[in-house]
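Architecture at a glance
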Amino acid sequence: MRSRTSQGSPPVTIRRAVARDAKRLTRLVRGSSAYAGKYASAVTGYRVGPDYIEAHRAFVAVGADDDEGQVLGFYSLVLDPPELDLLFVADEVQGRGIGRLLVAHMRSEARAAGLDRLTVVSHLPAEDFYHRVGAVRTGTVYANPPAVPWDRPEFEFRISPE
């Protein structure tokens, strides 16, 4: 899938993640400024390994004209139970529509897999983003110290047939 993000931004390609993307995806997760400060413990030591990429429907957004294939963002869709497990956009390209593009792609993949809805447990700083891309808040996932010592909003994406 090749698409343009916000006006003036270069085209972006979304492709299936492959094992060799694992280190770049791990760096993107660990380096996310959304997980700085009090949230850092959630990603310290976090790893997106080749086994994770192989077991899930993981997709990456890369610059369509970038020979290096710089990862601009990625998501991971789990089919059973239906869940958006991970969604990250690189700090330096946030606000350019890449997250919205990834969500649109995720909805298309979910629809193709026969899903009519899926959940996502949001990181607190991403709550507004999920509202803007059409997710509906359905509840709260309570803290589970020491892994996650804060409550998190839970959302649902409703996947309409085309």
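Conventions and cut-offs
Residues numbered from 1 in each chain as written. Predicted model: local features only at pLDDT ≥ 70, side-chain atom pairs only at ≥ 80, totals over all residues. Heavy atoms only, no water. Phe/Tyr/Trp six-rings, centres within 6.5 Å; stacked < 30°, edge-to-face > 60°. Helix = DSSP H or I, 4+ residues; strand = E, 2+ residues; numbered from the N terminus. Buried < 20%, exposed > 50% of the residue type's maximum accessible area, 1.4 Å probe, protein only. Pairing = 2+ DSSP bridges.

With that out of the way, let us pick up the packing of aromatic side chains. Across all of its chains, the model carries seven aromatic pairs by this definition. Ring centres 4.9 Å apart and planes at 85° place the aromatic pair Y39 and W150 in the edge-to-face group. You can see Y39 sitting in the loop between α1 (22–31) and α2 (50–55) and its partner W150 sitting in the loop between β7 (136–141) and β8 (152–158), a full 111 residues away along the chain. Across the pair, exposure class does not vary: Y39 and W150 are buried alike. An angle of 15° between the planes, with centres 5.9 Å apart, marks the rings of F74 and F88 as stacked. Of this pair, F74 sits in strand β4 (residues 71–79) while F88 sits in strand β5 (residues 82–89); the two residues are 14 residues apart in sequence, bridging distant segments of the chain. Judged by relative accessible area, which is 1%, F74 ranks as buried. These aromatic residues form a ring-pair network of at least three members: F129, Y130, F155 and F157.

Attention now moves to the pairing of β4. The element β4 is extensively covered by neighbouring structure, given that eight of its nine residues are classed as buried. Bridge count for strand β3 (residues 57–63) against β4 is six bridges, and the pairing is antiparallel. Bridging across to β4, R57 finds its partner in L77. When β4 meets β5, the two strands line up antiparallel, connected through seven bridges.

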